[in-house]
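Chain by chain, the residues run as shown.
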Amino acid sequence: MADNNTMVSRFFLVAIWTILMVTCVVATRYEPNWESIDKRPLPSWYDESKIGIFIHWGVFSVPSLISEWFWYDWKTQNSSKAQKFMKDNYKPDWTYQDFADQFTAELFNPDEWADIFGASGARYVVLTSKHHEGFTNWPSKYSFSWNSMDVGPNRDLVGSLADSIRKKTSMRFGLYHSLFEWYNPLYLQDKANKFQTQDFVKSKTMPELYEIVNRYKPEVVWSDGDAGPDTYWNSTHFLAWLYNDSPVKDTVVTNDRWGSGCACHHGGYYTCSDRYNPGKLQNRKWENCMTIDKASWGYRRDAKISDMLTMEELITTLVETVSCGGNILINVGPTHDGRIVPVFEERLRSLGQWLDVNGEAIYSSKPWTFQNDTETPAVWYTAKKPAAGGMNVYALVLKWPSPGDFYLASPTIGTNTKVTLLGYDDPIACRKAPGTKNNGIILTIPAIPFNKMPCDYAWVFKMENLAEREMHVLSDANNVELFRLPRSFDEEDEGLFKKMIAADEMRVPEHSVKLSWLLCACSMLAVYIYTCACRRKRRRHCIF
């Protein structure tokens, strides 16, 4: 019996100390308020990826006129172009819902889409699961007879593309979702009630969001259509669940469109507005969601080639965005039958070819001390810390310079500075610019034959061992901070230690730290009480 009692006592002691150790390390949990939600660090994959593909596809792809807002332009804006188009081509009693039968997607090949997107060099894909028209591209239980399984394609478009992206590529899969619907009676009633009722949110929006996250596990949840306060949408409650308990809680990223006034203020990364490209460094991670078709997110049958971004314009937008710390989300609009039209495919594949040569200056890069050159126009900078140490600075030159001297005012040449042109074998000679106290470098541009030019647009000069050792990094609070790279191993160890302490303090919210100490104290008190009781009773099986 004594042996049994001893074993029980030892088991009890182990259990107490296990509880003590576990409670001292409390997992971070986010509360349903912006103060807590906004502190959640972005998973590192997002900032490293830099480039994503946006896909706007829905019933609006059938009329494919004006833009994806065709229904609204026709019925609410009374657009003369939309009115004439409907009068000339459809019977008088034709409704927008009648277009759904023609959203056939019979040529939709998700593997082909995955091949095109993978060839673009993008690292993530965001598909429209539901736009403001309310039609869901998956068989939603909350959108009866207005989804891609019940009408039109008669298939799960979201699931098909998600499977192909994950099987055929290394890209991450995400979903766009509109909170509101233009003409849903429940939303219109809530709006009429000044958003004091939530019938639409509780029966439609939130069930859909939980449904797509649990079913498709998107690693980007791209919210839009946030007309109404965030308290009406229950946004913080959903985000707290998404970050704490969802199947993608450790890898998911979100944007900032979760209610009126949230954009550029709350959420994960900031989008602020469509085609947001501030041209200067921002204090928080941001994304430039933009379109190849300058006038529309959805496919337009009447688009002209002049409406499309040229490759020079697309590369310029990419370079400006990444130099200022942003990601770029490049939109294409498929046709109603499921095709990526040649002009979009050509732009994406050409982008991939450019990145095959110059991706080193884009992926996992950080904003440098200077985002663009202080004197020479059309030159932008990125920086990266290689595995071997030090820092590389990349000058992305949008216009090829004439052979001879090419002056860059921002870099400061060091004693061992080395310059190369990405994709070109021979080194580039460089020297300190005369008459400058610290800054300025002159590159000697060779006369390169056209058949040896590494690419057709935006050339990248890689500069190693410059005197400057600063670049901007994204902190755990998603704030952009200037970080000076160390000059010695001792300095690096000390700096890394301090940074780790700062990161740990930022990663664990204050309420979690207090709870951890409280649980530790309670556990220690329980051990102390048990010890005292055993000593008083002087039982043989006591272990103290």
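What this report covers is the structure whose coordinates are included nearby. Every value quoted in this text rests on a predicted model; they were computed, and no experiment measured them.

Here we look at the sheet that holds strand S6 (residues 286–291)
Strand order in the open sheet formed by seven strands is S5-S4-S3-S2-S1-S7-S6, and the pairing between neighbours is parallel. Unpaired on one side and paired on the other, strand S5 (253–254) and S6 mark the two borders of the sheet. Where strand S3 (residues 172–178) meets strand S4 (residues 220–224), five bridges bridge the pair, whose relative direction is parallel. Bridging from a neighbouring strand, Gly 174 pairs with Val 220 of S4. Those strands touched by helix H13 (residues 342–358) are strand S1 (51–55) and strand S7 (326–332), and its axis lies near 150 degrees from that of S7.

Points about the pairing of strand S8 (residues 379–384)
With six of its six residues buried, S8 lies for the most part within the structure. Neither face of S8 is open: one carries Val 379, Tyr 381 and Ala 383, the other Trp 380, Thr 382 and Lys 384, and all of them are buried. In this sheet, strand S9 (residues 392–397) lies alongside S8 in antiparallel orientation, the contact comprising six bridges. Paired with Thr 382 across the bridge in S9 is Tyr 394.

Focus on the state of the cysteines
This structure, assessed with the given rule, holds one disulfide. Through a disulfide, Cys 264 is tied to Cys 272; the S-S separation comes to 1.8 Å. Between Cys 264 and Cys 272 the disulfide shows an S-S torsion of about 70 degrees. By sign, it is right-handed. With no disulfide partner, Cys 289 has as its closest neighbouring cysteine sulfur the one in Cys 272, 9.6 Å distant. For Cys 289, a relative accessible area of 0% gives the class buried.

Side note on the nonpolar core
Of all hydrophobic cores here, the largest spans 131 residues; its most connected members are Phe 99, Phe 117, Phe 238, Leu 242, Ile 330 and Trp 354. Ranked by the residues each element gives to this core, the list is headed by helix H9 (residues 199–216), at seven residues. Among residues more than four places away in sequence, those in contact with Leu 242 are Val 213, Val 221, Val 248, Lys 249, Val 252 and Thr 254.

Quick notes on the sheet that holds strand S13 (residues 430–432)
Pairing in this open sheet of three strands is antiparallel, and the strands run S10-S14-S13 from one edge to the other. One side of each edge strand has no neighbouring strand; the edge strands of this open sheet are strand S10 (404–408) and S13. Within this sheet the neighbouring strands show an average axis-to-axis angle of 30 degrees, counted without direction. Sheet analysis places S10 next to strand S14 (residues 441–445), joined by five bridges and oriented antiparallel. Residue Tyr 407 lies in a different strand from S14, and its bridge partner there is Ile 442.

Structural notes on the pattern of salt bridges
Applying the stated rule across the entire model yields 24 salt bridges. Put simply, Asp 47 and Lys 285 hold a salt bridge, and the shortest N to O gap is 2.7 Å. Linking Asp 47 in helix H3 (residues 44–49) with Lys 285 in the loop between S5 and S6, this pair joins segments that are 238 residues apart in sequence. Judged on exposure class, the residue Asp 47 and its partner Lys 285 are both buried. When salt bridges with common partners are traced through the structure, they connect Asp 47, Lys 50, Lys 285 and Lys 366 into a single cluster.

Quick word on helix H6 (residues 110–119)
Burial in H6 covers these residues: Pro 110, Trp 113, Ala 114, Ile 116 and Phe 117. Along the long axis of H6, the arc covered by the buried residues comes to 165 degrees, so they all point the same way. Those residues of H6 that are buried lie in contact with S1, strand S2 (124–130), helix H7 (157–168), S7 and H13. Regarding H6, its N-cap is Asn 109, as a side-chain oxygen of that residue lies 3.1 Å from the backbone nitrogen of Asp 111 further along. Two residues or fewer after H6 comes Gly 121, characterised by a positive phi angle close to 90 degrees.

Regarding the environment of Arg 123
Tracing the sequence through the fold places Arg 123 in the loop between H6 and S2. Along the sequence, Arg 123 and Ile 51 sit 72 residues apart, while their C-alpha atoms lie 5.9 Å from each other. Dropping the residues within four chain positions of it, Arg 123 is found in contact with Ser 49, Ile 51, Met 171, Arg 172 and Tyr 363.

Remarks on the packing of aromatic side chains
The tally for this structure, following the rule as stated, stands at 47 aromatic pairs. For the ring pair Trp 57 and Phe 103, a centre distance of 5.4 Å and an interplane angle of 85 degrees mean the geometry is edge-to-face. On the criterion of sequence distance, the pair formed by Trp 57 in the loop between S1 and helix H4 (70–75) and Phe 103 in the loop between helix H5 (80–89) and H6 is long-range, its members being 46 residues apart. Comparing Trp 57 with Phe 103, the two get one shared label, buried. Residue placement shows Arg 40 over the ring face of Tyr 243; its charged tip is 4.2 Å from the ring centre. When the ring centre of Trp 74 is taken as origin, the NZ or CZ atom of Lys 75, which lies over that ring, is 4.1 Å away.

Topic: the packing of helix H12 (residues 311–323) against H13
Look at H12 against H13: their axes get within 10 Å of each other, and the N-to-C directions meet at 55 degrees. Taken together, the axes of H12 and H13 lie oblique to each other. For the crossing formed where H12 meets H13, the hand is right-handed. Note on element contacts: H13 touches H12 through Glu 346, Arg 347, Ser 350, Leu 351, Trp 354 and Leu 355, opposite Met 311, Leu 314, Ile 315, Leu 318 and Val 319. Looking at the contact of H12 with H13 residue by residue, the class counts come to eight nonpolar, one polar and two charged.

Rules and cut-offs
- Residues numbered from 1 in each chain as written.
- Predicted model: local features only at pLDDT ≥ 70, side-chain atom pairs only at ≥ 80, totals over all residues.
- Heavy atoms only, no water.
- Pairing = 2+ DSSP bridges.
- Helix = DSSP H or I, 4+ residues; strand = E, 2+ residues; numbered from the N terminus.
- Contact = heavy atoms within 4.5 Å.
- Axes fitted to C-alpha atoms, helices over the stretch in contact; angles between N-to-C directions.
- Buried < 20%, exposed > 50% of the residue type's maximum accessible area, 1.4 Å probe, protein only.
- Disulfide = S-S within 2.5 Å.
- Core = buried A, V, L, I, M, F, W, Y, C linked by side-chain atoms within 4.5 Å.
- Salt bridge = Lys/Arg side-chain N within 4 Å of Asp/Glu carboxyl O.
- Arc of directions from axis to C-beta.
- Polar contact = N/O pair within 3.5 Å; in protein donor to acceptor, adjacent residues only side chain to side chain.
- Phe/Tyr/Trp six-rings, centres within 6.5 Å; stacked < 30°, edge-to-face > 60°.
- Lys NZ or Arg CZ within 6 Å of the ring centre and 35° of its normal.
- Parallel < 35°, antiparallel > 145°, perpendicular 65-115°, else oblique.
- Left-handed = near helix turned anticlockwise from the far one by under 90°.
- Nonpolar A, V, L, I, M, F, W, Y, C, P; charged D, E, K, R; others polar.

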